[in-house]
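Here is how the chains run, residue by residue.
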Amino acid sequence: MSLQEIHSRIAKAEQAADRAEGSVKLIAVSKKQLDETVKAVLEQGHRCFGENRVQEAAGKWPGFREQFEGIDLHIIGPLQTNKVRQAMELADAIHSVDRPKLAQTLARLAQEIGHCPDLFVQVNTGEEEQKAGILPGEADAFIAECRALDLPVKGLMCIPPVDEEPALHFALLAKIAARNGLEGLSMGMSGDFEKAIALGATHVRVGSAIFGARAY
Ligand SMILES: *Cc1c(COP(=O)(O)O)cnc(C)c1O
């Protein structure tokens, strides 16, 4: 599907939900895509991208930043503590803040580096054992802890279980965000971004619907 088609589907979903045009940011998830595929999307003028691995982002994006102005790079995957500095130097936003140790490392490095990317707290809405994210019942306390560390928490992120109705998870994430006074909602992927927009998504993370199947 073309980038243009995704933009028009987002616009329709915004309108259907009575939301302002342009209120949803499209993060084009470029993980595991060939450089020329990503470059083609950059050449169409798109600037906001998501990567789930710091290593891969580090190999790809410094070069693209030299060629294209205004790139807005989001790290959306699990973040190991020893990759935090590199992630903070590379990215404009991190969507996977999911544990106290990571929050503490981010806070310490933010002091040292003098800046911090926008942060999203990942919530494991499905309470899945294998999935990253803070449990829903621990989210309020964890958000408070991040704020006490002066971290720039802009919103929440979730990845619903594959075999469940995603709308339930999007609604739960929106509820947790609202009661914590957070505006950002990073939710919705290729298969369900319109549902996410109906439930308040401010950032949708769309990969395969834009780029096609991942290359490796
Ligand atoms: C890969 C990935 C996406 C994009 O998934 P698609 O189904 O290809 O749109 C979104 N969010 C995260 C965290 C991902 O890892």
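Structure: see above.
Here's what I pulled together on the structure shown here.

The rules behind these values
Residues numbered from 1 in each chain as written. Predicted model: local features only at pLDDT ≥ 70, side-chain atom pairs only at ≥ 80, totals over all residues. Heavy atoms only, no water. Buried < 20%, exposed > 50% of the residue type's maximum accessible area, 1.4 Å probe, protein only. Helix = DSSP H or I, 4+ residues; strand = E, 2+ residues; numbered from the N terminus. Pairing = 2+ DSSP bridges. Right-handed = clockwise from strand over helix to strand, strands pointing away. Near = heavy atom within 4 Å. Polar contact = N/O pair within 3.5 Å; in protein donor to acceptor, adjacent residues only side chain to side chain. Areas by Shrake-Rupley, 256 points an atom, 1.4 Å probe, with all protein chains shown as cover. Nonpolar A, V, L, I, M, F, W, Y, C, P; charged D, E, K, R; others polar. Salt bridge = Lys/Arg side-chain N within 4 Å of Asp/Glu carboxyl O.

As for the pairing of strand S1 (residues 25–29)
Line of reasoning, step 1. In terms of burial, S1 is largely enclosed, as four of its five residues are buried.
Line of reasoning, step 2. One ladder, built from four bridges, connects S1 with strand S8 (residues 203–206); its direction is parallel. When the bridges of S8 are listed, Leu-26 appears paired with Val-204.
Line of reasoning, step 3. Both S1 and strand S2 (residues 48–51) contribute to a ladder of two bridges, which runs parallel. Looking across to S2, one finds that Ala-28 is bridged to Phe-49.
Line of reasoning, step 4. For the crossover that starts at S1, traverses helix H2 (residues 35–43) and ends in the parallel S2, the hand is right-handed.

Digging into the site of the ligand
Line of reasoning, step 1. With respect to spatial proximity, the complete set of residues near the ligand consists of Val-29, Lys-31, Asn-52, Ile-76, Ile-159, Met-189, Ser-190, Arg-205, Val-206, Gly-207, Ser-208 and Arg-214.
Line of reasoning, step 2. Between a nitrogen atom of the ligand and a side-chain N or O atom of Arg-205, the distance comes to 2.9 Å.
Line of reasoning, step 3. One of the side-chain N or O atoms of Arg-214 is found 2.8 Å from an oxygen atom in the ligand.
Line of reasoning, step 4. When the ligand sits alone it has 390 Å² of accessible area, and the protein chains cover 88% of it.
Line of reasoning, step 5. Per-class residue counts for the shell around the ligand are five nonpolar, four polar and three charged.

Structural notes on the pattern of salt bridges
Line of reasoning, step 1. Counted under the stated rule, the structure contains ten salt bridges.
Line of reasoning, step 2. The salt bridge partner of Lys-25 is Asp-72, with a shortest N-O separation of 2.7 Å. With Lys-25 in strand S1 and Asp-72 in strand S3 (residues 72–75), the pair connects residues that are 47 residues apart, well separated along the chain.
Line of reasoning, step 3. Of the residues examined, Asp-72 reaches a relative accessible area of 15% and is grouped as buried.
Line of reasoning, step 4. Among the salt bridges present, the one from Lys-60 reaches Glu-51, with a minimum N-O distance of 2.8 Å.
Line of reasoning, step 5. Residue classification places Lys-60 among the buried residues on the basis of a relative accessible area of 6%.
Line of reasoning, step 6. Residues joined in a network through salt bridges with shared partners are Glu-51, Glu-56 and Lys-60.

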